[in-house]
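If you want the building blocks of each chain, they are given just below.
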Amino acid sequence: MAKVLIISELTDSCRKIIEEIKKNGIESILSEKTPENILLQIEQYMPDIVLIDTDFENCEIITKQIKSKTIQQNTQILLLLEKDKNIDFLNFADGYISTPVCKNILIHTINSHIKIKKSLEQLGENNRELARSLYQLNVLYNTSSQFAGTLDKDKLYSIMLEALEKTLSFDISCALVFSPAGDNKIFIHSLCEPTESLREALSLRVTLEYKNLFENQPLPYKTNLEGIEIIQKVKPSHIQNIFDLRALNYDSLFAPIKVGDHFFGVIELFRNTPFTKEDVTCFQSIVHQVALPLRSATLYEEIKNTNIKLEKLERLKSDFVSIVSHELRTPLTPINNSLEIVLSGQAGEISDDAKNFINMAKRNVTRLSGIIEDLLDLSRVQTGKLDYKYKITKLTPSLELIQKTFEQVAAEKNINVSLEIEDNLPEVYADSHRIEQIISNLVTNALKFTPKGGSVKISAKVEDESEIDKSLLVMPICKLSGKYIKISVKDTGIGIKKENIPKIFEKFLQIENSLTRNIGGVGLGLSITKQLLDAHLGAIAVISEENKGSDFSFYIPLADEKKMFIMDTNQTFGTGDDSGILHIKEKTNCGFIDEVLKENLIKLSKKSKEFKKDGDYFVLLPDTSISALDFMEKTILDEFKKPVWQNCDIVLKKAHSKKDGKELKKILEKINI
Ligand code: ADP
């Protein structure tokens, strides 16, 4: 029932008003006499309307005091005002009733203000709900970006629980979560310590609920519910209280944590106050949101484990190849020496026929040791054990040496090997022995796949990145920039079909044709060539036409060119400290990168001293956007593992602050990007 408090001295007329009001089903009382008592009375009685007689002593002060005291409750203040009387505090009241009082007007005004008060209360409630919804939306928004920032499952669960706590202020939550690895857990989060029996009851309840959910289906993972680990968290500020079994009677929300057919667990929340419809939507939305990153985290874990297994296998294979190759190589030197001795006649005269056979044996020993060297190189490249001796060097002597070396073999096939070198060919920063190996591989192939009477032309010149036809490059590991020495080996041989060109760089791959069958080879030369070029931050391009010939051109950066991998920057990694150890100072906003980088950089940091040798390279880590992920992992991280970086100072730049931004700009200007 609505309540009216009347503040007036004129008790008789007031009584009449009170009676009139009561007649209309509204409760009404007369006030105390002193302002202090009136305020106290209002606090206890909590009237909807206060009717103040303007003739009451200190009416103005009382009106103002009541107004400020009851503003939150929307209490309506009406003044009893003598007709035509002027007062200057009318604004502090919500309305007035003229005296002498007209019954109808009195009741009508009181009813109208009761309605106004109710509407104001409703409005306040709506506003509060709106503010709460806005808050929930805000939390949801922040949570979704937090979810995207990690692939750590435990962290994902704790972000989910934190968001649920913020939006729904639950008293107690219980989540049963699975992992394919079988380490199943129950997380119990609560405002106060739950009793042992409540903990047990909750755990039992979620496991039963989970089983009920999958009544007709096999459980998604092999679960051992008995051996489940229970992880409990109590909010520190409330630990003096205790939750007992009565908490199970609280209002509750329940949801499975799943995406498609992939289930990760179930969660149940309890609250002493009922959940609203909006709460249910918010709950579902948060639980739904966590499922997708959980799926990615699971997949990532699986991929990581598979990779570890594959890496192990690959290492085993490499070790095997390396051991066997070493064992095969050892007897070859004494065989070769013995053949030399027999050929030289030191072991007695031998017939011409015998000489021919021995020469043939020698050629095969040479071929065999070539294959064994290739196998050894391959395993060294793959395990990062190939020892590169980088220095600033000229390539002209290497080119001349190779032309000389192959002259005789070429002459046997009546093939002319020509050499054309641009004047004053600049220096490169390279391991000249490995560059000779690359050229030798290409010339060997050119001679192998060029029929008698053809020609092979070796040429070398400087070319700018802008002149290079990128469409002909075979998957370079880094963006080309600046000037390069281009070395081409062009033949008039059998050529290669366009669709086969990318394949020939795969290890142990040979294109089936009459020549490969007759000539032999194991399909390793180009694979090693590509990897040696990668280690030099170089590139290789192929132009070939069937039955016309092939042109293999490779590029080595000039010695004075500063090379770098350049991508957008939003880095969160620090540079090395004084001892040159690289370490991660902050986290990126992408969990995937965090995981991968952390692992790799920590591995790298162990070698940090080697990084300090020549400050030649800058590495800027890319933006942590999803599109950068593949690129990141494949190029940068694989790249870091390569031996070439052991001679470089790797600078992990951080472009958050203004200062770093400027520094970055300076570097970019210096290298002209
Ligand atoms: P291989 O030891 O068999 O020569 P490579 O890796 O050097 O191995 O070459 C792989 C394959 O690429 C060769 O088997 C051949 O089919 C093709 N190839 C390489 N160079 C040439 C070339 N100059 N002309 C035609 N085909 C070539």
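An account of the accompanying structure is given in this report. (Residues numbered from 1 in each chain as written. Predicted model: local features only at pLDDT ≥ 70, side-chain atom pairs only at ≥ 80, totals over all residues. Heavy atoms only, no water.)

**Examining the overall build of the protein**
At step 1: When helices and strands are tallied, the protein shows 16 helices and 21 strands.
At step 2: Residues classed as buried in the protein amount to 44% of the 673 residues present.
At step 3: Restricting the contact set of the protein to residue pairs at least 6 apart, pairs at least 24 apart contribute 72%.
At step 4: Approximately 36300 Å² of the protein is accessible, and the part contributed by carbon and sulfur atoms is 53%. (Helix = DSSP H or I, 4+ residues; strand = E, 2+ residues; numbered from the N terminus. Buried < 20%, exposed > 50% of the residue type's maximum accessible area, 1.4 Å probe, protein only. Contact = heavy atoms within 4.5 Å. Areas by Shrake-Rupley, 256 points an atom, 1.4 Å probe, with all protein chains shown as cover.)

**Quick look at the site of the ligand**
At step 1: As a matter of local geometry, the ligand sits amid 20 residues, with Asn 445, Lys 448, Asp 491, Gln 510 and Leu 526 nearest to it.
At step 2: Asp 491 places a side-chain nitrogen or oxygen 2.9 Å from a nitrogen atom of the ligand.
At step 3: Backbone polar atom of Gly 523 to an oxygen atom of the ligand: 3.2 Å apart, as the coordinates give it.
At step 4: Against a free-state accessible area of 530 Å², the protein chains account for coverage of 97% of the ligand. (Near = heavy atom within 4 Å. Polar contact = N/O pair within 3.5 Å; in protein donor to acceptor, adjacent residues only side chain to side chain.)

**Focus: unusual backbone geometry**
At step 1: Pro 100 follows Thr 99 through a cis peptide bond whose omega is -10 degrees.
At step 2: In this fold, Pro 100 is placed in the loop between strand E5 (95–99) and helix H4 (103–148).
At step 3: Here Asp 84, not a glycine, exhibits a phi torsion of approximately 65 degrees, which is positive.
At step 4: If you trace the backbone, Asp 84 turns up in the loop between strand E4 (76–82) and E5.
At step 5: Since its relative accessible area comes to 76%, Asp 84 is described here as exposed.
At step 6: Positive phi, normally seen in glycine, also occurs at Asn 414, with a value near 55 degrees.
At step 7: Looking at the element boundaries, Asn 414 is found in the loop between helix H9 (396–412) and strand E14 (416–421).

**Examining helix H3 (residues 59–70)**
At step 1: Along its 12 residues, H3 runs 16 Å from first to last C-alpha, staying within 8% of the 16 Å computed at 1.5 Å per residue.
At step 2: Looking at H3, one finds that the buried residues are Cys 59, Ile 62, Thr 63, Ile 66, Lys 67 and Thr 70. Seen end-on, H3 carries its buried residues on one side only, within an arc spanning 135 degrees.
At step 3: Next to the buried residues of H3 lie strand E1 (3–7), helix H2 (35–45), strand E3 (49–53) and E4. (Expected span 1.5 Å × (residues − 1). Arc of directions from axis to C-beta.)

**Considering the sheet that holds E5**
At step 1: Strand order in the open sheet formed by 5 strands is E2-E1-E3-E4-E5, with parallel pairing between adjacent strands. Where the open sheet ends on each side, the last strands, each with one partner, are strand E2 (27–30) and E5. Across this sheet, the average inter-strand angle for adjacent strands is 25 degrees, counted without regard to direction.
At step 2: As paired elements, E1 and E3 share 4 bridges and run parallel to each other. Within E3, the residue paired with Ile 6 across the bridge is Leu 51. (Pairing = 2+ DSSP bridges. Axes fitted to C-alpha atoms, helices over the stretch in contact; angles between N-to-C directions.)

**Description of the nonpolar core**
Note on soluble globular proteins: their nonpolar side chains tend to be buried together.
At step 1: In this structure, Phe 552 and Phe 554 are the most contacted members of the largest nonpolar core, which totals 48 residues.
At step 2: Tallying contributions element by element places helix H10 (residues 432–448) first for this core, with 7 residues.
At step 3: For Phe 552, the contacting residues outside a window of four places in its chain are Leu 442, Ile 487, Ser 488, Val 489, Ile 496, Ile 504, Phe 505, Leu 526, Ile 540, Ala 541 and Val 542.
At step 4: Grouped together as the second largest cluster of nonpolar side chains are 32 residues, Leu 156, Leu 164, Val 287 and Tyr 300 included. (Core = buried A, V, L, I, M, F, W, Y, C linked by side-chain atoms within 4.5 Å.)

**A word on the sheet that holds strand E12 (residues 262–271)**
At step 1: Pairing is mixed in the open sheet, where 5 strands are placed in the order E9-E7-E6-E12-E11. Sheet topology places strand E9 (229–234) and strand E11 (251–259) at the edges, where each strand pairs with a single neighbour. Shown here is a sheet whose adjacent strand axes are inclined to one another by a mean of 15 degrees, direction ignored.
At step 2: Pairing of E11 with E12, which is carried by 9 bridges, proceeds in the antiparallel orientation. Bridge pairing in E12 links Ile 257 to Gly 265.
At step 3: Contacts between helix H6 (residues 196–213) and the sheet are confined to strand E6 (172–177), strand E7 (185–190), E9, E11 and E12, with E12 contributing the most and set at about 135 degrees to the helix.
At step 4: In the packing of helix H7 (residues 277–344) onto the sheet, contacts are made with E11 and E12, and the angle to E11 comes to roughly 30 degrees.

**Some points on the pairing of strand E17 (residues 483–491)**
At step 1: Counting buried positions along E17 yields 7 of 9 residues, so the element is predominantly enclosed.
At step 2: Of the pairings in the sheet, the one linking E17 to strand E19 (residues 549–557) comprises 7 bridges and is antiparallel in character. Looking at the pairing, Tyr 484 lines up with Pro 557 of E19.

**With respect to the packing of H9 against H10**
At step 1: Where H9 meets H10, the axes come as close as 10 Å, and the angle between the chain directions of the two elements is 30 degrees. Between H9 and H10, the angle is such that the two are roughly parallel. The element H9 and its partner H10 pack so that their crossing is right-handed. Only Ser 432, Glu 436, Ile 439, Ser 440, Val 443, Thr 444 and Leu 447 of H10 make contact with H9, whose side of the interface consists of Ser 398, Leu 399, Leu 401, Ile 402, Phe 406 and Ala 410.
At step 2: For the contact of H9 with H10, the residue count by class is 8 nonpolar, 4 polar and 1 charged. (Parallel < 35°, antiparallel > 145°, perpendicular 65-115°, else oblique. Left-handed = near helix turned anticlockwise from the far one by under 90°. Nonpolar A, V, L, I, M, F, W, Y, C, P; charged D, E, K, R; others polar.)

**Quick notes on the environment of Gln 136**
At step 1: Note that Gln 136 resides in helix H4.
At step 2: Given a relative accessible area of 6%, Gln 136 falls into the buried group.
At step 3: With near-sequence residues (within four places) excluded, Gln 136 lies in contact with Thr 167, Leu 168, Glu 278, Asp 279 and Cys 282.

**Structural notes on the pairing of E12**
At step 1: E12 sits mainly inside the fold: 9 of its 10 residues count as buried.
At step 2: Sheet topology note: the E6/E12 ladder contains 6 bridges and is antiparallel. Across the sheet, the residue bridging to Val 177 is Gly 265, located in E12.
At step 3: Between E11 and E12, which follow one another and run antiparallel, lie 2 residues, and Gly 260 among them has a positive phi close to 55 degrees.

**Looking at the pattern of salt bridges**
At step 1: Within the structure shown, the criterion is met by 29 salt bridges.
At step 2: Note that Lys 153 and Glu 301 form a salt bridge whose closest N and O atoms lie 3.8 Å from each other. One end of the pair, Lys 153, is in helix H5 (residues 153–168); the other, Glu 301, is in helix H7, and 148 residues separate them in sequence.
At step 3: Residue classification places Glu 301 among the partly exposed residues on the basis of a relative accessible area of 33%.
At step 4: Among the ionic pairs, Glu 465 bridges to Lys 470, the shortest N-O distance being 3.1 Å. (Salt bridge = Lys/Arg side-chain N within 4 Å of Asp/Glu carboxyl O.)

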